[in-house]
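# Topology and contacts: notes
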Amino acid sequence: MKSFVPKFVWFDGKFVIDEDAKVSVMTHAIHYGTSVFEGLRGYWNSKNLYIFRLDDHIKRFRNSGKVYSVSLRFTDKEMANAIIQLCKKNNVKESCYIRPFYFVGRYGINLHVTENAPTHAAIVMFPFGDLFNKNGITAGISSWRRIHDVSTPPLAKMGGNYLNSILATQESKRNGYDEAILLDQLGNISEAPGENIFIIRNGKLSTPPSSSSALEGITKDSVVKIAKDLGYDTIEREIPRTEIYFADEVFLTGTAAEITPIISVDGKKVEDGKVGKITRKIQGIYSDVTMGRNKKYSNWLTPVY
Ligand SMILES: Cc1ncc(COP(=O)(O)O)c(C=O)c1O
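No experiment lies behind these values; they were computed from the predicted model shown. Along each chain, the written sequence defines residue order, and numbers are assigned to residues from 1. For this predicted model, a pLDDT threshold of at least 70 governs which residues receive local features, and a threshold of 80 or more governs which side-chain atom pairs are given and counted, while totals over whole chains, interfaces and linings are taken from all residues. Water and hydrogen atoms were dropped before computing side-chain values, which therefore reflect all heavy atoms in the structure.

The next subject is the domain arrangement of the chain. Structurally, the chain comprises domain 1 (8-127) and domain 2 (137-290). As used throughout, domain bounds are those supplied by an automatic or database domain assignment. Domain 1 and domain 2 are separated by 26 Å when their C-alpha centres are compared. Across the boundary between the two partners, domain 1 contributes 19 residues, which contact 22 residues of domain 2. By buried area we mean how much accessible surface two parts lose on assembly, using a 1.4 Å probe and totalling the loss over both. Both faces considered, domain 1 and domain 2 share a buried interface measuring about 1,800 Å² in area, 60% of it formed by carbon and sulfur atoms. Any pair of nitrogen or oxygen atoms within 3.5 Å is treated as a polar contact; in protein, a donor-acceptor pairing is required on top of that, and neighbouring residues in sequence qualify only through side-chain atoms on both sides. Counting the contacts that link domain 1 with domain 2 gives 11 residue pairs in polar contact (both at pLDDT 80 or more). Counting only elements with at least two residues in the side of domain 1 that touches domain 2, the list comes to β3 (35-37), β4 (40-44), β5 (49-52) and α2 (54-67). The element that contributes the greatest number of residues to the side of domain 1 that touches domain 2 is α2, accounting for five residues. Just so you know the grouping, Ala, Val, Leu, Ile, Met, Phe, Trp, Tyr, Cys and Pro go in nonpolar, Asp, Glu, Lys and Arg go in charged, and all remaining residues, Gly too, go in polar. Partitioning the side of domain 1 that touches domain 2 into residue classes produces nine nonpolar, five polar and five charged. Should any heavy atoms of two residues lie within 4.5 Å, those residues are counted as being in contact. Only runs of H or I of at least four residues qualify as helices and only runs of E of at least two qualify as strands under DSSP, and these elements are numbered from the N terminus.

Following this line, the structure appears as structure tokens:
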């Protein structure tokens, strides 16, 4: 099957072709990283396209900009509608990644960004399958520390924050790992460059809290709820680095990564180096949920057609 090539993007309230969505080289965001973004997935199940947790992504989208007084000049409803309409305009009938973003436009070299600074908003999308091998990846602890709330708040999903993620990713690939795991400023486990992390010990799930510089992940929240319904509670707590070597199971969560098992950390196998039972169970349910096969969580899905 041939993948769709998205014809349209949404730019400042209009559907235009990509080449017509133009900005100035004086765009503040290019110089200073003053952009906000979200990543969503659309899941095609051969009957309909479902957008996963649309309203929650839009809520985080607006909240991120609030931290830096970068204004989103469209209402939540307008953004949600623009995402749905863009899928329709592109006649999307396969699973895709959707990237809404907004950023400070022409604002000179002014660092005093206020709500009145000019901003643009856009949405792009493209076909998307698995980011990682769902049968497990290797990870290494990064020598770079995760950014911290005292300097560049990790809870705001700003473009500039991802410089930290890029450094950690580059290092992990250099060292032959599939993915990095970052520690927070205190040396506890924080998150991966674009994913939250869970460890499982003796049937109990643990994940770092936002105070360990972990993004308030929407997939993480979904997994906590799915796990609870399966009878597994999740504790949000500080996780010292060494505990990851004792874990029975480790997995990442994220819109792009979905549920990705980690089978070794720093060259040490996680348990027997195979995907754990609880991880597999959660992975299966998450896949059913996103494809509209599990009615219990159908309120997380927004049908496009
Ligand atoms: C740094 C970081 N942590 C965690 C996540 C996972 O968040 P979500 O599950 O909402 O995609 C992402 C992806 O958005 C991310 O970029």
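Once the structure has been displayed, the description carries forward.
We call Phe, Tyr and Trp rings a pair once their centres come within 6.5 Å, taking the six-membered ring for Trp, and we label the pair stacked below 30 degrees between planes, edge-to-face above 60, and tilted otherwise. The tally for this structure, following the rule as stated, stands at 12 aromatic pairs. Note on phenylalanine 52 and tyrosine 286: the rings are 5.5 Å apart at their centroids and 75° apart in plane angle, and the pair reads as edge-to-face. Placement of phenylalanine 52 in strand β5 and of tyrosine 286 in helix α7 (residues 277-290) is noted, with a sequence separation of 234 residues between them. Residue exposure (1.4 Å probe, protein chains only): buried if accessible area is under 20% of the type maximum, exposed if over 50%, otherwise partly exposed. Owing to a relative accessible area of 3%, tyrosine 286 belongs among the buried residues under this scheme. Members of the aromatic cluster, connected to one another through ring pairs, are Phe52, Tyr286, Tyr297 and Trp300. Charge over a ring is defined by NZ of Lys or CZ of Arg lying within 6 Å of the ring centre and within 35 degrees of the ring normal. Taking the ring centre of tyrosine 245 as reference, the NZ or CZ of lysine 268 above it sits at 5.1 Å.

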